[in-house]
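Architecture and fold: a report
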Amino acid sequence: MTATLETTVLSTVDTAVELAGVRKVFGHGNSAVVALDGVDLKVKPGEFVCLLGASGCGKSTLLNIVAGLDGATSGSLQLNTSRPAVMFQEPALMPWLTAARNVELALRFAGVGRLARKRRALELLKLVRLGDVADKRPHELSGGMRQRVALARALASTTVSADGAPALLLMDEPFAALDAITRDVLQSELLRVWETTNTAIIFVTHDVREAVRLGQRVVLLSSRPGRVVREWDVTDSSDAVLNEINTHLREVISGHAS
Amino acid sequence: MATPPDTLDKVGAGLDALDVPVEAHKAPMWRRFLKTGVPPIIAFALLLGVWQGLWASALLPEFQLPAPLTVWNELVRSIGTGEAFSILWTSLHRAVFGFIAAVLIATPLGLLIAKVRVVRAAIGSLLTGLQSLPSVAWVPAAILWFGVTPSTIYFVVLMGSVPSIANGLVAGIDQIPPLLPRVGRALGAGRLASARHILLPAALPGYLAGLKQGWAFSWRSLMAAEIIATSPQLGTGLGQYLHNGSSLNDINMVIAAIFLILLVGIGIELMLFRPLERAVLRARGLTGAL
């Protein structure tokens with residue numbers, strides 16, 4: 001049950017994402033801050049990986065690099081997937097567009113035709129059980145509903161590739177701003193969507209319980225600079241793993257008390 | 001883990017049911033009219049009453065303060081002879097053409113200032129300064145450059161409205177939450193697609209405020225230009241009409257002209273900008289001011 005993974009046994013053929021020695025430095029000279037220092041990470045197609053770490057561990061930076069929103073200072077990134085989709089802590093829906101049109105926007109940028117766009121957007125909204133509010137605007141929806149629209153939009157942007165490359169969804173603490181009950185519901189919603197779409201997911205969180213509940217694998221990052229401390233296979237999650245990860249996270253954080 | 005999934009589904013459905021927005025029912029037509037239409041009518045009636053009272057008290061001679069009725073008669077006369085329409089048309093088509101030209105110049109200018117750092121550093125504050133320069137100040141120079149021709153009038157109108165529109169667009173773009181263009185990039189939008197589908201619509205409220213102010217500036221600049229630059233070849237616009245009234249010592253004509261100038265300002269605001277602004281703000285849930 002509790003096993004540290006041998007990352008090297010994975011062959012490159014069944015790898016969706018491969019990061020090797022990724023390093024990211026912000027600023028220059030004396031004021032330079034090393035956010036990531038030699039991060040190696042492999043994600044298989046359809047795998048659900050949770051990146052866990054305290055503040056300042058560079059988990060968002062890592063996600064931005066995989067998303068192509070930010071470049072690494074050194075190291076290599078290899079993607080064998082379609083365009084990665086990103087979900088942020090805020091839904092970041094376009095406030096002037098309806099829920100359906102927000103989802104369609106992702107398809108429009110991918111060059112999908114109008115009719116196909118409409119059909120696919122409604123399909124995805126139904127997948128997150130929002131088919132009834134497709135023509136509502138973001139301000140008319142609750143926080144949880146907005147985040148589900150954002151999920152549908154993210155799925156739209158990653159599942160359109162024609163060559164059948166596996167999909168990849170990057171999530172940056174997407175449920176952190178929601179209340180406990182809504183978060184609980186959305187977590188199970190996400191698991192259901194993940195099982196039906198077979199999308200690889202990299203999910204960033206600082207909540208151990210969330211990481212263990214959602215992920216198949218939990219990767220713990222250290223803070224300043226961010227490095228991979230340890231990995232756990234959590235497909236059969238138990239309280240023992242939860243406690244063990246918690247202990248390690250506390251160690252990482254208390255290491256910074258001076 | 002602890003809660004079985006089907007129970008969570010039910011909880012989710014319950015949350016959704018609770019979260020579905022309640023449609024606010026609309027008040028009947030007459031009630032809305034009572035709320036928004038009646039107060040300005042009362043205010044106008046009060047103003048007329050005060051005016052009539054002042055006139056009746058005979059504090060000022062008739063050539064300075066006429067009775068409301070004689071001004072009304074002058075208006076009716078000029079409308080009856082068709083003079084009012086030709087005057088309005090002369091001024092309105094100048095203002096509209098000038099405004100359209102201003103929009104065409106100011107929109108790319110605003111985009112450049114907002115998105116290109118060097119351009120902003122170079123002419124950003126100049127543009128803000130121009131906005132506070134009364135456009136009448138351009139009339140003497142324009143007359144020297146272009147003579148008393150339509151070019152002078154259009155030049156003054158442009159100098160009045162271009163800075164407002166460009167500044168409105170810049171402000172609109174500056175106020176876009178940075179997350180939105182980032183989402184656009186994450187969704188695979190190129191620079192052009194991002195400008196068209198994210199930046200411009202996101203900046204629309206600010207842009208619209210700039211357009212509104214730009215229209216007001218182009219209308220008042222036009223009036224200033226028409227009052228100062230008068231010549232037979234320019235025809236009679238509202239400004240000339242006002243100028244003529246003053247030259248003829250005809251206070252009825254002067255007040256009628258001011259009334260018409262105001263009427264155009266209020267009319268354009270009510271018929272064009274107010275509905276546009278409402279539609280844009282309502283779509284974003286910004287209904288506080290409506």
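Residues numbered from 1 in each chain as written. Chains lettered and ligands numbered in written order. Predicted model: local features only at pLDDT ≥ 70, side-chain atom pairs only at ≥ 80, totals over all residues.

In this section: the overall build of chain B. Looking only at helices and strands, one finds twelve helices and zero strands in chain B. From first element to last, N terminus to C terminus, chain B shows the α and β order α-α-α-α-α-α-α-α-α-α-α-α. The C-alpha atoms of chain B give a radius of gyration of 26 Å, which is well past the 19 Å a tight globule of 290 residues would have. If one aligns the C-alpha atoms of chain B with their principal axes, the spans along those axes are about 90 × 50 × 30 Å. Counting every position in chain B, which comprises 290 residues, the buried fraction comes to 31%. Sequence separation of at least 24 residues holds for 72% of the intrachain contacts in chain B that already meet a minimum separation of 6. (Helix = DSSP H or I, 4+ residues; strand = E, 2+ residues; numbered from the N terminus. Rg over C-alpha atoms; globule rule 2.2 N^0.38 Å. Buried ≥ 20, exposed ≤ 12 C-beta atoms within 10 Å, placed from the backbone. Contact = placed C-beta atoms within 7 Å.)

Moving on to the UniProt feature "transmembrane region" (unreviewed entry) in chain B. Residues and elements named next belong to chain B. As annotated in UniProt, the feature "transmembrane region" (unreviewed entry) corresponds to residues 41–60, 95–114, 126–147 and 251–273 in the numbering used here. Overall, residues 41–60 shows 85% helix and 0% strand. The separation of its end C-alpha atoms is 27 Å. Taken end to end, residues 126–147 comprises 68% helix and 0% strand; its first and last C-alpha atoms sit 26 Å apart. (UniProt positions renumbered as here; feature names shortened; annotations may be inferred.)

What follows deals with the environment of Leu221(A). Along the chain, Leu221(A) turns up in strand 8 (residues 217–221). A C-alpha to C-alpha distance of 23 Å links Leu221(A) and Leu190(A), two positions 31 residues apart in sequence.

The next thing to look at is the packing of helix 9 (residues 179–186) of chain B against helix 10 (residues 191–228) of chain B. Helix-helix packing: each pair is described by the crossing angle between the helix axes and the interaxial distance. Residues and elements named next belong to chain B. Viewed as axis vectors pointing N to C, helix 9 and helix 10 meet at an angle of 165°, and their least axial separation amounts to 10 Å. Classified by the interaxial angle, the pair formed by helix 9 and helix 10 is roughly antiparallel. Helix 10 is crossed by helix 9, and the crossing has right-handed handedness. Judged by residue contacts, Leu180, Pro181 and Gly184 of helix 9 engage Ser194, Ile198, Leu199 and Ala202 from helix 10. Of the residues that constitute the contact of helix 9 with helix 10, the class distribution is five nonpolar, two polar and no charged. (Axes fitted to C-alpha atoms, helices over the stretch in contact; angles between N-to-C directions. Parallel < 35°, antiparallel > 145°, perpendicular 65-115°, else oblique. Left-handed = near helix turned anticlockwise from the far one by under 90°. Nonpolar A, V, L, I, M, F, W, Y, C, P; charged D, E, K, R; others polar.)

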